[in-house]
Amino acid sequence: MALTKEERRLRIKRRIRKRISGTAQMPRLCVFRSNTGIYAQVVDDKTGKTLVAASSMEKDFKVKGTKVEVSHQVGKAIAEKAKAAGIEAVVFDRGGYLYHGRVKSLAEGAREGGLKF
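Figured I'd write up the structure that's included with this text.

Section: the overall build of the chain
Within the chain, the regular secondary structure consists of three helices and four strands. Reading the chain from its N terminus to its C terminus gives the helix and strand order α-β-β-β-α-β-α. Here the chain has a C-alpha radius of gyration of 14 Å; the compact-globule value for 117 residues is 13 Å, and the two agree. For the chain, the spread of C-alpha atoms along the principal axes amounts to about 45 × 35 × 20 Å. Each of the 117 residues in the chain was classed as buried or not, and the buried ones make up 40%. Partitioning the contacts of the chain with sequence separation of at least 6, the portion at a separation of at least 24 is 59%. Carbon and sulfur atoms provide 53% of the accessible area of the chain, an area that totals close to 7200 Å². Charge separation in the chain, taken as the distance between the mean sites of 26 positive and 12 negative side-chain charges, equals 6 Å.

Let's talk about the pairing of strand β3 (residues 49-55)
Sheet topology note: the strand β2 (residues 38-44)/β3 ladder contains six bridges and is antiparallel. Paired with Asp44 across the strands is Lys49, a residue of β3. Between β2 and β3, which pair antiparallel one after the other, the connecting turn spans four residues, and Gly48 there sits at a positive phi close to 75°.

Quick word on the side chain of Asp44
Looking at the secondary structure, you find Asp44 in strand β2. Engagement of the side chain of Asp44 in a polar contact is seen with the side chain of Thr47, the distance being 3.3 Å. In contact with Asp44, other than residues within four places in its own chain, are Gly22, Thr23, Ala24, Pro27, Lys49 and Leu51.

Description of the packing of aromatic side chains
Applying the stated criterion across every chain yields a total of three aromatic pairs. Consider the rings of Phe32 and Tyr39, whose centres lie 5.9 Å apart with planes at 40°: the pair is tilted. Seen in terms of ring centroids, Phe92 and Tyr99 are 6.1 Å apart; in terms of plane orientation they differ by 85°. Their pairing is edge-to-face.

Some thoughts on the sheet that holds β2
Across the sheet, which stays open at both edges, the four strands sit in the order β3-β2-β1-β4 with mixed pairing between neighbours. The open sheet is flanked by β3 and β4 (91-93), the only strands paired with a single partner. Recorded for the sheet is a direction-independent mean angle of 20° between the axes of neighbouring strands. Across three bridges, strand β1 (residues 28-33) lies against β4 in parallel orientation. Bridge assignment links Leu29 to a residue of β4, and that residue is Phe92. Those strands touched by helix α2 (residues 67-84) are β1, β2 and β3, and its axis lies near 145° from that of β3.

Here is what the cut-offs are and how they apply
- Residues numbered from 1 in each chain as written.
- Predicted model: local features only at pLDDT ≥ 70, side-chain atom pairs only at ≥ 80, totals over all residues.
- Heavy atoms only, no water.
- Helix = DSSP H or I, 4+ residues; strand = E, 2+ residues; numbered from the N terminus.
- Rg over C-alpha atoms; globule rule 2.2 N^0.38 Å.
- Buried < 20%, exposed > 50% of the residue type's maximum accessible area, 1.4 Å probe, protein only.
- Contact = heavy atoms within 4.5 Å.
- Areas by Shrake-Rupley, 256 points an atom, 1.4 Å probe, with all protein chains shown as cover.
- Lys, Arg positive; Asp, Glu negative; His and termini not counted.
- Charge placed at Lys NZ, Arg CZ, Asp CG, Glu CD.
- Pairing = 2+ DSSP bridges.
- Polar contact = N/O pair within 3.5 Å; in protein donor to acceptor, adjacent residues only side chain to side chain.
- Phe/Tyr/Trp six-rings, centres within 6.5 Å; stacked < 30°, edge-to-face > 60°.
- Axes fitted to C-alpha atoms, helices over the stretch in contact; angles between N-to-C directions.

Read these as spatial facts, not as claims about activity.
Now the structure itself:
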């Protein structure tokens, strides 16, 4: 029986999450990618709280361009918000997606914005 793309991604995600978890000192930057947008959250797994979030679907987010360019800007936005909340370093959680294209672009944008991972 063949796995669907989504089942395969979720299997990979579970494998990644076994090893990665965020703390208050070094929270987890997790990525979700849909066909229309990209979302990023900085999460403290000890308390189960989302510390900051950014997405391409926010009302005040007005960047036009390719999905990769938009992802880069979301990365910069999450880095700005994290810096404002006093977060310097994070653990990157690619969420089962390949580190390629939009996910890579978001990560590079976050690094450019000043996050360390």
